[in-house]
Amino acid sequence: MPINSSTVARSAAALAISALTLGAVSASAATIAYVSNADSQDIYVLALNGDGSVNLIDKVATGSTVMPLAISPDHRYLYASLRGQPYSVVSYAIDQASGKLKALSTVPLADNMANVATDRTGKYLLAASYTGNKISINAIGADGTVQVPALSVIATGKNAHSTQVDPDNRFLFASNLGSDVILQFRFDAARGRAVPNDPPSVATKAGAGPRHFVFARDKRFVYSTNELDGTVNTYGYDASTGRLSLQGTDSALPDGFKTTEQLATADLHLTPDGRFLYASERTSSSLTSYAVDTASGKLTRLGNIPTETQPRGFNIDPQGRFLLAVGQKAGLTSYAIDRDSGALKPLFRYTLGRNPNWVEIIDLP
């Protein structure tokens with residue numbers, strides 16, 4: 001079912017914008033969202049309610065520009081990359097009753113990291129440096145804190161933008177935005193090492209600029225945003241060899257959109273059931289929705305809607321009910337996800353800190 005963009009745009013504009021103030025933790029606050037605000041140098045801890053509204057339950061000062069976040073597989077720890085010098089990562093313990101954060105340690109990273117992630121066991125922190133053209137692997141201790149020095153620092157092509165392991169924890173991938181490739185590695189989870197796979201990379205269209213990528217639930221496909229040409233790529237994935245193969249490319253822009261500015265496709269996420277994919281584009285300040293053919297991996301573009309200004313980050317709750325999008329020059333909008341059509345219905349808008357850019361959402365035990 002196509003999404004009616006004009007209707008959504010009108011209803012989004014009509015939403016009142018609410019300021020978030022600190023409040024008590026609800027006894028029913030089972031879903032928690034974390035939003036990093038780069039310029040106000042803090043992390044908002046939000047309770048996501050059953051109607052799609054949020055409440056601010058904590059505001060954590062980081063003391064430096066905070067951008068990418070990562071959460072451990074067991075949801076007990078959060079890692080925040082600080083992009084002001086000295087480049088470092090803060091390890092936080094997540095209170096399992098409230099979702100609040102407790103800082104455990106701050107240690108240096110190999111460079112200014114645009115992306116952090118853990119491996120599937122939670123034993124390693126992976127990081128990608130856009131300005132430093134490298135990726136790194138650090139051990140994570142039994143207490144959840146990142147250990148130094150790094151076990152591996154690997155030079156990449158130009159502008160490494162994100163890195164993560166496959167669902168089986170056997171292969172590691174790193175997008176290189178400036179070199180138009182996704183690097184492919186074999187991952188040694190026993191030692192925290194990675195060596196180039198054969199072939200060592202898969203190329204995008206020249207000038208596309210691969211940025212973020214996600215694995216399909218059945219591990220047969222990978223989807224990636226291309227920042228510089230406003231597209232999303234679909235790759236076939238061979239889980240036995242760790243190899244990607246480009247299958248198709250779809251637009252992430254509004255129909256007829258024209259601009260003299262540089263395009264800036266950013267984040268993407270699948271619904272938990274794998275049926276719908278969403279991507280954000282910052283120059284048009286929009287979200288594009290796709291239906292996923294789970295048999296072939298093919299995307300069918302459903303529609304595009306306006307969202308918060310310059311949407312660098314968004315995420316979907318673990319139940320697939322709501323999408324929270326933040327704009328670097330605005331705030332946060334929560335959307336209900338129609339489980340049958342994938343349509344997004346704007347529900348609530350909020351002001352946050354300055355330059356909100358990253359969203360993680362978890363369910364508490």
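Computed from a predicted model, the values in this text were never measured in an experiment.

**Q** How should the overall build of the protein chain be read in this particular structure?
**A** In terms of regular secondary structure, the protein chain is built from one helix and 29 strands. Here the C-alpha radius of gyration of the protein chain, 19 Å, is about what a compact globule of 365 residues would show, namely 21 Å. In terms of overall dimensions, the protein chain has C-alpha extents of about 50 × 45 × 35 Å along its principal axes. Per-residue burial for the protein chain yields a buried fraction of 60% across its 365 residues. Residue pairs at least 24 apart in sequence account for 50% of intrachain contacts in the protein chain once pairs closer than 6 positions are excluded. For the protein chain, the computed accessible surface area is about 14100 Å², with 50% contributed by carbon and sulfur atoms. Within the protein chain, one finds 32 positive and 31 negative side-chain charges whose respective centroids are separated by 2 Å.

**Q** Would you explain the confidence of the model for the protein chain in this entry?
**A** Caution is warranted with low-pLDDT regions, since their predicted coordinates should not be read in detail. Mean pLDDT over the protein chain: 94, with 95% of residues reaching 70 or higher. For the stretch residues 1-11, pLDDT sits under 50, and the model shows 19 contacts to residues farther than four places along the chain or on other chains.

**Q** Whenever I open this one, the pattern of salt bridges confuses me. Can you help?
**A** For side chains bearing opposite charge, pairing can occur when the charged atoms are close. By the definition in use, this model includes ten salt bridges. Of the charged contacts, one joins R220 and D218 as a salt bridge, the two residues approaching to 3.5 Å between their closest N and O atoms. On the basis of relative accessibility, which here comes to 39%, the residue R220 falls in the partly exposed class. Accessibility expressed as a relative area gives 35% for D218, which makes it partly exposed. A salt bridge links R275 to D273; the shortest N-O distance between them is 3.9 Å.

**Q** Explanation requested: the sheet that holds strand β26 (residues 322-326) in the structure shown.
**A** Across a sheet, paired strands are connected by hydrogen bonds in the backbone, their directions being either parallel or antiparallel. Judged by pairing direction, the sheet is mixed, and its five strands sit side by side in the order β1-β28-β27-β26-β25 without closing on themselves. Where the open sheet ends on each side, the last strands, each with one partner, are β1 (17-19) and β25 (313-316). In this sheet, adjacent strand axes meet at a mean angle of 25° when their direction is disregarded.

**Q** Looking at this model, I keep getting lost on the environment of L344. Mind explaining?
**A** With respect to the helices and strands, L344 occurs in strand β28 (residues 344-351). Judged by its relative accessible area of 3%, L344 falls in the buried class.

**Q** Where do I start with the nonpolar core in this structure?
**A** A general trend in soluble globular proteins is that nonpolar side chains are found buried together. Among the nonpolar cores identified, the biggest contains 20 residues, and I32, Y34, I43, L69, L78, Y92 and L101 are the most heavily contacted of them. Secondary-structure elements contributing two or more residues to this core are β2 (31-37), β3 (42-48), β4 (54-61), β5 (66-71), β6 (77-82), β7 (88-94) and β29 (356-363).

**Q** Quick question: what am I supposed to make of the sheet that holds strand β8 (residues 101-108) here?
**A** Reading across the sheet, the four strands line up as β5-β6-β7-β8 and stay open at both edges, with antiparallel pairing between neighbours. Two strands bound the open sheet, and with one partner strand each, they are β5 and β8. Strand-to-strand, the axes of this sheet are offset by a mean angle of 25°, without reference to chain direction. Bridging between β6 and β7 involves six bridges; their strand directions are antiparallel.

**Q** I tried to follow the environment of P200 on my own but got confused; where do I start?
**A** With respect to the helices and strands, P200 occurs in strand β16 (residues 193-203). Here P200 is in contact with I182, L183 and Q184, once residues within four sequence places are set aside.

**Q** I would appreciate a short explanation of the side chain of S98 in the present structure.
**A** Positionally, S98 belongs in the loop between β7 and β8. Look at S98 and you get buried, because its relative accessible area is 12%. Within polar-contact distance, the side chain of S98 engages the backbone nitrogen of K100 at 3.1 Å.

About the criteria used
- Here the residue index of a chain counts from 1 through its sequence in written order.
- With the structure being a predicted model, the display of local features is reserved for residues of pLDDT at least 70 and the display and counting of side-chain atom pairs for 80 or more, all residues being used for whole-chain, interface and lining totals.
- By convention in this description, side-chain values take in all heavy atoms of the structure and omit both hydrogens and water.
- Note on conventions: DSSP H or I runs of at least 4 residues are helices, E runs of at least 2 residues are strands, and numbering of each starts at the N terminus.
- For a compact globule the rule gives 2.2 Å times the number of residues to the power 0.38, and the radius of gyration it is set against comes from C-alpha atoms.
- Relative accessibility under 20% of the residue-type maximum defines a buried residue, over 50% an exposed one, and the middle range a partly exposed one, all with a 1.4 Å probe and only protein chains included.
- Residue contacts are defined here by distance: any two heavy atoms, one from each residue, within 4.5 Å place the two residues in contact.
- Areas reported here follow the Shrake-Rupley algorithm with a probe of radius 1.4 Å; residue values treat only the protein chains shown as occluding.
- Residues scored as positive are Lys and Arg, those scored as negative are Asp and Glu, and His as well as the terminal groups of each chain are ignored.
- Working definition for charges: the position is that of NZ of Lys, CZ of Arg, CG of Asp or CD of Glu.
- Residue-level confidence of the predictor is what pLDDT reports, using numbers from 0 through 100.
- Salt bridge, as applied in this entry: a Lys or Arg side-chain nitrogen positioned within 4 Å of an Asp or Glu carboxyl oxygen.
- In short, DSSP must find at least two bridges between two strands for them to pair.
- Between N-to-C directions, angles cover 0 to 180 degrees, with each direction set by a line fitted to C-alpha atoms, over the stretch in contact for helices.
- In these notes, a set of buried Ala, Val, Leu, Ile, Met, Phe, Trp, Tyr and Cys residues joined through side-chain atoms within 4.5 Å is what counts as a nonpolar core.
- Distance and chemistry together define a polar contact, namely a pair of N or O atoms within 3.5 Å, with one atom able to donate a hydrogen and the other to accept it when in protein, and with adjacent residues in sequence counting only for side-chain atoms on both sides.

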